Amino acid sequence: MGNTNYKKSIVRFKWIAVLSAMLLASCSQTRFVSEQEYLLQKVELEIDNQNVSKEEAKAVLRQKENYKILGFIKFYLLLYNMSSKKKTDDWLKRIGEAPQIYDKVLADRSVEQLEQYMDQRGYYQAKIDQEIVFNEKKQKAVLKFLVESGDQYKIKRVDYHFETPELQAIFFNDSTKFRMRPGTAFDIYELEKQQQRIVNLYQNNGYYYFSKNQVRYLADTTLYEKQVNLDLFIGEAQASQIDSFRLLKPYYINKFYYSVMPGNTPVTANRQNSFNFSDTISWGNSVLYNNRQVSYPPGLFNRTNQMKSGDLYKVNEVESTFNALNRLRQFRFVDIQFNETYPEQDSNLLDCNIRLAPLNKQSTSFDIEGTNTSGNLGVAGNIYYQHRNMFKGAEVFQLRLKGATERMHRTTTDGGTEAFNTREFGVEGNLMIPKLLGPGKYIRSFGKYLPKTVFTAGFNYQRRPEYTRNITNFKVGYDWKTSQDFQHIWNFLDVNVVRLYEFDSTFINSIQDLYIKSSFTDHLIFAMNYSIIFNNQRLTSSKNYTYARLNVESSGNLLYSLSEIFNRDKLVEQDTITNETLEYYRFFNIRFAQYVKADIEFRRAIQIDRYNSVVGRAFAGVGLPYGNSRVLPYEKQYFAGGANGIRAWQVRSLGPGTYKPEEENAYPNQSSDIKLEANLEYRFRLLGSLEGALFLDAGNIWAINNNDNREGAQFKLNKFYKQFAVGTGTGFRFDLSYFILRTDVGMKLHDPAAAKGERWIIGNRGLTGDDFTFSFAIGYPF
């Protein structure tokens, strides 16, 4: 006991020492500020016009304070101040941030930048002032910029000037999108966006050489007060450009040349680099050059190429072809170039050269991880195999082998405990074919979205002392994108067969909860589901992004209708818990599930600066069993808690509603029909690849009807909002390039299963070890 207390004292002393050192360092923020200089403690910007973006205006300032985390801690300055004054290349200096010093030249330049920004937004009479307050004793300064915007200039009239009648006809054919209306704000940023839209208009009508240089504005602000006469010139040739004859004529696509380069080909190489192509295939106006390492059929490129020989050149079709080829997951790089077919002649034909460098055809990988389920330790591993050109048509085949074992403890009937090992083995295969198979091929308009047909099959074996469970699944569906941001997934056949055997009768008879008991019955799921996903996140960009997903699923309706039509016999049995008489149909001697289900998820990420971001998530889902089912299948029920949910609770240990299982019969597998959940996470960079996080989670699950006999489980409009579980916590994320390792510690704030008066924990009782949950996971929670 004394040794334990001694160790705890040592740990406390270390923490106190670390915190004291950080506090002392933070108190000496001017450690590297010379006597005649001032540390910029704060830079403020005040604008008297809400229509002017403060964030955009602040971005142009040259004088900025040191970065903060948690909104007030200048963490990187703190690290820099902890470095040695004797060393110029101290490691703390490299990972920290040098103090931001007040510089009058930079402050004046910031005023000039603000004036320029306001001019570009149309506020030509804006006044910019700066105030500086020095604290001589602390060697700190507060810098404030004050912006009086004045009135914004408006466009009074727009005059259009076209170089050719053809350009004029194209423009006014769709003028509602491109004409600028009198009375709109004179904003340079918006005019530049309009300039790009006009360029795209002509590049989508065959004008291959058309660029921003051919769209010019001339503004006159002298004729009217705070109003602008605008002249728009379209089609002018610049002196440095090619001759205006080529510039102002539309081009047509002639031939396509596909070059499948060796996998190690540099990006700068081209078809003329005398590669030893193994095969040359010609068809129509296309030529395909295959190499010895990998080859593809002509039909693949006919499907993915959105351009057609003889059609006008259209930049949108070029981009669509580029995206379609990248979606095949076959190529290290895709490059599309054009050249004139007869450059020496008066021709308007373009040849398209598409260079493709394949990825490695086959690859294997594996991972291993430790598991911790309610204190039970285990290990799990996966082996992956991938073939990127399975049948030489860009088919992607993936195979996953999974194994896991866990050392668990359970309470015996005599009150003691016993240990046992659980085992799980599984295999899943996935085949993606980049074309339509099945019923989708008869929907003619479907093909333009380049859907993939996806086959999935798997088998999972789970062995526990209480039971053995086998899960067999088979799925066929389509995956396609209607734009860069919208993805659709339609599984028109999704079958799961669940069989259980080798039961421990004592354990099964001890279960008195209908929903939990339903987990231990054989059942068949014969479903169809559809998902639409919006995601404008870009892996190469750290800008704000939005993610939304809607899922809809139904099961059992076809089987139930066929059973009714053919007047099949129902099986009649008595429920062992409610003593009710149950009647249901079976298919291949297995009861099939019948239900409808829908859920929606929304995420929003806001990048505050390069060190700080906030991510929010909301989820709502509901499932309704009917007809042949009294409850949702176990695999389709919602659960709460865990590393990706409400992190203050272990996975499947929360809810439904205010329900709390008795300790002797507790089985950590709570699930139900309705789920509402919201999460908010603040992320901040610490050291190198280490990131910190603070989070707040809330939500719960509920039963949709009275078929669930668990007390307090039902969803009721006048009570559900009082039954949200609330948790908070902190964690770390380790960016290891290929994946993110994450650790979180969650703490309960509001426990709906606690007795009334004790549900809000802080202020009502002391915290215990059961109020904290540690989780370890791979990837961000959302």
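Everything here concerns the structure above.
What you see is a predicted model, and the numbers here were worked out from it, not measured in a lab.

Procedures and definitions
Residues numbered from 1 in each chain as written. Predicted model: local features only at pLDDT ≥ 70, side-chain atom pairs only at ≥ 80, totals over all residues. Heavy atoms only, no water. Core = buried A, V, L, I, M, F, W, Y, C linked by side-chain atoms within 4.5 Å. Buried < 20%, exposed > 50% of the residue type's maximum accessible area, 1.4 Å probe, protein only. Helix = DSSP H or I, 4+ residues; strand = E, 2+ residues; numbered from the N terminus. Contact = heavy atoms within 4.5 Å. Pairing = 2+ DSSP bridges. Axes fitted to C-alpha atoms, helices over the stretch in contact; angles between N-to-C directions. Salt bridge = Lys/Arg side-chain N within 4 Å of Asp/Glu carboxyl O.

**A word on the nonpolar core**
Here comes step 1: Formed by 26 residues in total, the largest nonpolar core has its most connected members in Tyr296, Phe301, Leu325 and Phe338.
Here comes step 2: Of all the secondary structure elements, the ones that give two or more residues to this core are strand S7 (252-260), helix H10 (298-304), helix H11 (315-327), strand S10 (331-340) and strand S11 (349-358).
Here comes step 3: Filtering out sequence-adjacent residues up to four positions away, Leu325 remains in contact with Phe301, Thr304, Phe331, Val334, Ile354 and Leu356.
Here comes step 4: Ranked by size, the runner-up nonpolar core spans 25 residues in total, among them Tyr207, Leu230, Ile234 and Leu247.

**Some points on the sheet that holds S10**
Here comes step 1: Read across the open sheet, the five strands follow the order S8-S9-S7-S11-S10; overall the sheet is mixed. Pairing within the sheet leaves two strands with one partner each, and these edge strands are strand S8 (279-283) and S10. Taken over all neighbouring pairs, the strand axes of this sheet differ in orientation by 15° on average, direction set aside.
Here comes step 2: Relative to S11, S10 runs antiparallel, the two sharing nine bridges.

**So, the sheet that holds strand S5 (residues 215-224)**
Here comes step 1: A sheet is described by the order of its strands in space; here three strands give the open sequence S4-S6-S5, paired in mixed fashion. Each edge of the open sheet is held by one strand with a lone partner, namely strand S4 (154-162) and S5. Within this sheet the neighbouring strands show an average axis-to-axis angle of 20°, counted without direction.
Here comes step 2: Sheet topology note: the S4/strand S6 (residues 227-234) ladder contains eight bridges and is parallel. Each residue of the ladder has a partner; that of Phe162, found in S6, is Ile234.
Here comes step 3: Its contacts with the sheet place helix H6 (residues 165-173) against S4 and S6, and it is angled at close to 140° to S4.
Here comes step 4: Across the sheet, helix H8 (residues 188-203) touches S4, S5 and S6, and the angle it forms with S5 is around 140°.

**Some points on the pattern of salt bridges**
Oppositely charged side chains are able to pair whenever their charged atoms sit close together.
Here comes step 1: Enumeration according to the criterion identifies 33 salt bridges in this entry.
Here comes step 2: Asp485 serves as the salt-bridge partner of Arg538, at 2.4 Å between the closest nitrogen and oxygen. Linking Arg538 in the loop between strand S19 (523-535) and strand S20 (545-555) with Asp485 in the loop between strand S17 (468-481) and strand S18 (486-501), this pair joins segments that are 53 residues apart in sequence.
Here comes step 3: Note on Asp485: relative accessible area 21%, which makes it partly exposed.
Here comes step 4: Between Glu681 and Arg683 there is a salt bridge, with the nearest N and O atoms lying 2.6 Å from each other.
Here comes step 5: Given a relative accessible area of 0%, Glu681 falls into the buried group.
Here comes step 6: Each of Arg647, Glu681, Arg683, Asp697, Arg733, Arg742 and Asp744 takes part in one network of salt bridges that share partners.

The analysis is restricted to geometry; functional conclusions fall outside its scope.
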